[in-house]
Amino acid sequence: MAIGSDQRRQERRPRIMRHFDPREVEAALDLLALTDMAWHDCYGPHELEIPADVLDDVLLLAHGNLSHLIRVAREAVADFRDVRMAADEERAKKT
């Protein structure tokens, strides 16, 4: 389990590298760091980062597109239930 933002970033890097163009990896990681801060502001003080299942949904819906990641991350902080429903619909298409 990650303790600080630097460690979270390093733990997320391989996953982000699988999803995004190499030129966008750092920007995607920056965005996730900002998303963690927003999550903490909205759901803190004990919620230091976006939960793993919400991050899974965000990455699924981003489809490796940085612009989509920005939009979906913002939506997740505002109301992660909408993102969950959209991700569940996306997963259902694959089965």
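For the structure, see preceding data.
Note that the coordinates shown come from a computational prediction; the quantities given were computed from them, not determined experimentally. (Residues numbered from 1 in each chain as written. Predicted model: local features only at pLDDT ≥ 70, side-chain atom pairs only at ≥ 80, totals over all residues. Heavy atoms only, no water.)

Novice: Explain the pattern of salt bridges to me, please; I cannot follow it from the model alone.
Specialist: Here the idea is simple: oppositely charged side chains can pair when their charged atoms come close. Taken as a whole and assessed by the stated rule, the structure comprises 15 salt bridges. In this structure, D57 and R84 form a salt bridge, with 2.5 Å as the shortest nitrogen-oxygen distance. Placement of the pair is D57 in helix α3 (residues 52-62) and R84 in helix α4 (residues 66-93), with a sequence separation of 27 residues. Among the residues examined, D57 registers a relative accessible area of 2% and is labelled buried. Given a relative accessible area of 25%, R84 falls into the partly exposed group. Each of the salt bridges in this network shares a partner with another, and the network as a whole consists of D53, D57, R84, D88 and R91. (Salt bridge = Lys/Arg side-chain N within 4 Å of Asp/Glu carboxyl O. Helix = DSSP H or I, 4+ residues; strand = E, 2+ residues; numbered from the N terminus. Buried < 20%, exposed > 50% of the residue type's maximum accessible area, 1.4 Å probe, protein only.)

Novice: I tried to follow the packing of helix α2 (residues 25-43) against α4 on my own but got confused; where do I start?
Specialist: The packing of two helices is summarised by the inter-axis angle and the distance between the axes. α4 packs onto α2 with a crossing angle of 10 degrees between their chain directions and a minimal axis gap of 10 Å. Here α4 runs roughly parallel to α2, going by the angle between their axes. Across from A27, A28, L31, L32, T35, A38, W39, C42 and Y43 in α2, the residues of α4 making contact are L66, L69, I70, A73, A76, V77, A78 and F80. Residues belonging to the contact of α2 with α4 are distributed by class as follows: 16 nonpolar, one polar and no charged. (Axes fitted to C-alpha atoms, helices over the stretch in contact; angles between N-to-C directions. Parallel < 35°, antiparallel > 145°, perpendicular 65-115°, else oblique. Contact = heavy atoms within 4.5 Å. Nonpolar A, V, L, I, M, F, W, Y, C, P; charged D, E, K, R; others polar.)

Novice: Is there a simple way to explain unusual backbone geometry in this structure?
Specialist: The bulk of non-glycine residues show a negative phi, and the bulk of peptide bonds are trans. Between G44 and the following residue, P45, the backbone shows a cis peptide bond with an omega angle of 5 degrees. Considering the arrangement of structural elements, one finds P45 in the loop between α2 and α3. The backbone of H63 sits at a positive phi, close to 55 degrees, despite the residue not being glycine. By the secondary structure assignment, H63 is in the loop between α3 and α4.

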